[in-house]
Amino acid sequence: DAKTTQPTSMDCAEGRAANLPCNHSTISGNEYVYWYRQIHSQGPQYIIHGLKNNETNEMASLIITEDRKSSTLILPHATLRDTAVYYCIVRTGTNTDKLIFGTGTRLQVFP
Amino acid sequence: GAGVSQSPRYKVAKRGQDVALRCDPISGHVSLFWYQQALGQGPEFLTYFQNEAQLDKSGLPSDRFFAERPEGSVSTLKIQRTQQEDSAVYLCASSGRDRGTFGNQPQHFGDGTRLSIL
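In short, a report on the structure.

What counts and how
Each chain carries its own residue numbering, running from 1 in the written order of its sequence. Just so you know, chain letters begin at A and ligand numbers begin at 1, following the order they were written in. At least 70 in pLDDT is required for a residue's local features to be given in this predicted model, at least 80 for side-chain atom pairs to be given and counted, and no such filter applies to totals for whole chains, interfaces and linings, which use all residues. Hydrogens are left out, water is left out, and the side-chain values use all remaining heavy atoms of the structure. Pairing between strands requires that DSSP locate at least two bridges from one strand to the other. Helix numbers and strand numbers start at the N terminus; a helix is a DSSP run of H or I with at least 4 residues, a strand a run of E with at least 2. Only the stretch in contact is used when fitting a helix axis, every axis being a line fitted to C-alpha atoms; angles between N-to-C directions are given from 0 to 180 degrees. Pairing of aromatic rings covers Phe, Tyr and Trp, the last through its six-membered ring, and needs centres within 6.5 Å; plane angles under 30 degrees mean stacked, over 60 mean edge-to-face, and all others mean tilted. A 1.4 Å probe rolled over the protein chains alone gives each residue an accessible area, and that area as a share of the maximum for its type sets the label: buried under 20%, exposed over 50%, partly exposed in between.

### Quick notes on the sheet that holds strand β8 (residues 84–92) of chain A
All names here are of chain A. The sheet built from 5 strands is open, its strands ordered β1-β9-β8-β3-β4 with mixed pairing. The open sheet has two free edges, formed respectively by β1 (9–13) and β4 (45–50), since each of these has just one partner strand. Direction aside, neighbouring strands of the sheet carry axes that sit 25° apart on average. Here β8 runs beside strand β9 (residues 105–110); their pairing, made up of 3 bridges, is antiparallel. Bridge pairing in β9 links Tyr 86 to Thr 105.

See the structure below:
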């Protein structure tokens with residue numbers, strides 16, 4: 001079973017920031033928070049991951065609470081192309097660890 | 001190409017036929033994963049290879065499913081005697097060199113093979 005809880009769906013206006021929450025209250029000390037997204041008819045796309053510090057890359061920012069029980073993915077200026085299902089996943093730091101997807105958040109960006 | 005490549009993109013087969021799905025991982029990637037994604041659901045893990053060794057096949061739904069990666073690069077997922085419930089998108093992902101707990105590298109996915117069993 002997935003170890004994360006996400007809202008089923010969210011809307012965001014184009015150009016505004018999209019803030020996608022994720023609860024992972026049972027996360028272990030050696031587990032990272034990963035975010036992927038899946039655009040229709042494509043494979044999941046890696047976005048960002050973090051352990052306990054906030055992270056930023058060219059796609060998004062990841063804010064992890066101090067107790068690590070929740071996190072927020074931030075798309076600073078959403079575009080129509082960001083419409084997708086966003087998955088929050090926790091996994092250990094070894095490359096042998098499979099990804100366990102939940103149902104994700106369906107983000108709809110509207111004009 | 002630079003990404004994970006899967007073929008065919010679409011496959012239609014009659015119930016009872018055998019099918020073979022191919023995955024070309026990113027060059028040099030050690031780890032290779034197969035996932036199955038039913039309509040409206042998130043991907044579910046099937047099996048994992050490290051180089052040519054199949055280290056985890058706990059997600060394979062039945063003994064009709066078989067995967068191989070004989071030379072540690074290209075992988076094939078084979079489904080024998082296909083059933084209608086096998087209809088799904090089959091996704092392949094690869095990731096780089098395993099460095100134990102310091103090798104935290106993300107998995108990169110192909111666009112999958114959509115399998116339809118009639």
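### Thoughts on the sheet that holds strand β3 (residues 19–24) of chain B
Residue and element names in this part refer to chain B. The sheet built from 4 strands is open, its strands ordered β1-β3-β8-β7 with antiparallel pairing. Taken across any chain shown, the strands that pair with only one partner, and hence form the sheet edges, are β1 (5–7) and β7 (65–68). Sheet twist, expressed as the mean angle between neighbouring strand axes with direction ignored, is 15°.

### Digging into the packing of aromatic side chains
Inspection of the entire model under this criterion finds 13 aromatic pairs over all chains. Between the aromatic rings of Tyr 87 of chain A and Phe 101 of chain A, the centroid separation amounts to 5.1 Å while the plane-to-plane angle is 90°, which identifies the pairing as edge-to-face. With Tyr 87 of chain A in strand β8 and Phe 101 of chain A in the loop between β8 and β9, the pair connects residues that are 14 residues apart, well separated along the chain. Look at Phe 101 of chain A and you get buried, because its relative accessible area is 8%. Taking the centre distance of 6.2 Å and the plane angle of 25° together, the rings of Phe 33 of chain B and Tyr 35 of chain B count as stacked. Its relative accessible area of 0% is what places Tyr 35 of chain B among the buried residues.

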